Amino acid sequence: SDLILYMSVGMGLLKTLEINPGSGFGSAMFLGIAWATNIGGKLTPSGSVPNMVAIALAESAGHPIGYLQWVLANLVFTALQTTAMLLILRTLFTEEDRKMKINTEAVKAELAKLGPFSKGEWAACVALAVALICWTLPDIVPIILDDPKHPLSVWLATRLNWGVVEIGRAHV
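Bear in mind that the values here come from a model prediction, so they are computed numbers and not experimental data.

Trainee: I'd love a proper account of the packing of aromatic side chains, names of residues and values included.
Mentor: In this structure the tally under the stated criterion is 3 aromatic pairs. On the basis of an interplanar angle of 35° and a centroid distance of 5.9 Å, the ring pair of F25 and F93 is categorised as tilted. Of this pair, F25 sits in helix α2 (residues 24–41) while F93 sits in the loop between α4 (67–90) and α5 (95–99), and the two are 68 residues apart along the sequence. Relative to W122, the ring of F117 lies with its centre 5.0 Å away and its plane at 55°, an arrangement referred to as tilted. Residue F117 is classed as partly exposed on the basis of its relative accessible area, which comes to 44%.

In structure tokens form, the structure reads like this:
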């Protein structure tokens, strides 16, 4: 789903910049999009279904994993994968690609056509921000209160799970 969205944006970008999709730049961009959606999906629990399954299995075995704990555990690996991806993608650039000049005026003109954020776009940004806050609160509050058994910590951990937050976010 994300892949299709980003591929269509990539096609529009290549058209705006008048770059052949089969060029080294185009190939690197499309391969990079495919890899990045895969790499990025592993970073957060909500990034892909297998992450949620792994977390549920760990919890059923008595090893609960918090949202922030998952992100921190995967951050280094994600950074390494991203670095390797960028190094590999650089090899696809031809000499012609390296000398290419980007028409920044065309990009600015396209951005101007988009205009300011709509109410719906702002609502989507707010929904994502609220979801991120709600996903991380059960991990952060016990640290701030220095007590995982504090009533607020317990309430957040039992009532504000990722599934509830995701359902709320999906309805916005």
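Trainee: Which residues make up a nonpolar patch on the surface, and what values go with them?
Mentor: Among the surface-exposed residues, I140, I144, L145, L152 and W155 lie close enough to one another that they form a single nonpolar patch of about 470 Å² accessible area. Looking at the nonpolar patch, the elements with two or more residues in it are α7 (119–145) and α8 (151–159). Broken down by element, the nonpolar patch gets its largest block of residues, 3 residues, from α7. Structurally, I140 is set in helix α7. Residue I140 is classed as partly exposed on the basis of its relative accessible area of 30%.

Trainee: How would you sum up helix α6 (residues 104–114)? Please name residues and give values.
Mentor: By the criterion of burial, α6 is predominantly exposed, with just 1 of the 11 residues buried. The distance from a side-chain oxygen at the start of α6 to the backbone nitrogen of E105 is 3.2 Å, and the residue carrying that oxygen is N103. A positive phi of about 75° marks G115, the residue just after α6.

Trainee: Explain the nonpolar core to me, and be specific about the residues and the numbers.
Mentor: L14, L17, I19, M29, F30 and I33 form the largest nonpolar core, which has 6 residues in total. At 3 residues, the largest contribution of residues to this core is made by α2. F30 has contacts with M7, G10, M11, L14 and P21, leaving out every residue within four places of it along the chain.

Trainee: Residues and numbers for the packing of α2 against α4, please.
Mentor: The interhelical angle for the contact between α2 and α4, taken along N-to-C directions, is 170°, at an axis separation of 10 Å. By the angle between their axes, α2 is roughly antiparallel relative to α4. Residue-level contacts link A28, L31, G32, W35, A36 and I39 of α2 to T78, Q81, T82, M85, I88 and L89 of α4. Considered class by class, the residues forming the contact of α2 with α4 number 8 nonpolar, 4 polar and no charged.

Trainee: Tell me what's going on with the pattern of salt bridges, and back it up with residues and numbers.
Mentor: Applying the stated criterion to the full structure yields 2 salt bridges. Put simply, K108 and E105 hold a salt bridge, and the shortest N to O gap is 3.9 Å. Of this pair, K108 and E105 both sit in helix α6, separated by 3 residues, roughly a single helical turn. You'll find K108 and E105 in the same group, each marked exposed. The partner of K113 in a salt bridge is E110, with the nearest N and O atoms 3.1 Å apart. Highlighted residues: K113 and E110, both in helix α6, separated by 3 residues, approximately one helical turn.

Calculation criteria
- Residues numbered from 1 in each chain as written.
- Predicted model: local features only at pLDDT ≥ 70, side-chain atom pairs only at ≥ 80, totals over all residues.
- Heavy atoms only, no water.
- Phe/Tyr/Trp six-rings, centres within 6.5 Å; stacked < 30°, edge-to-face > 60°.
- Helix = DSSP H or I, 4+ residues; strand = E, 2+ residues; numbered from the N terminus.
- Buried < 20%, exposed > 50% of the residue type's maximum accessible area, 1.4 Å probe, protein only.
- Patch = residues over 30% accessible without salt bridge, like charges linked within 9 Å, V, L, I, M, F, W, Y side chains within 5 Å.
- Areas by Shrake-Rupley, 256 points an atom, 1.4 Å probe, with all protein chains shown as cover.
- Salt bridge = Lys/Arg side-chain N within 4 Å of Asp/Glu carboxyl O.
- Polar contact = N/O pair within 3.5 Å; in protein donor to acceptor, adjacent residues only side chain to side chain.
- Core = buried A, V, L, I, M, F, W, Y, C linked by side-chain atoms within 4.5 Å.
- Contact = heavy atoms within 4.5 Å.
- Axes fitted to C-alpha atoms, helices over the stretch in contact; angles between N-to-C directions.
- Parallel < 35°, antiparallel > 145°, perpendicular 65-115°, else oblique.
- Nonpolar A, V, L, I, M, F, W, Y, C, P; charged D, E, K, R; others polar.

This is a description of form; function is not addressed.
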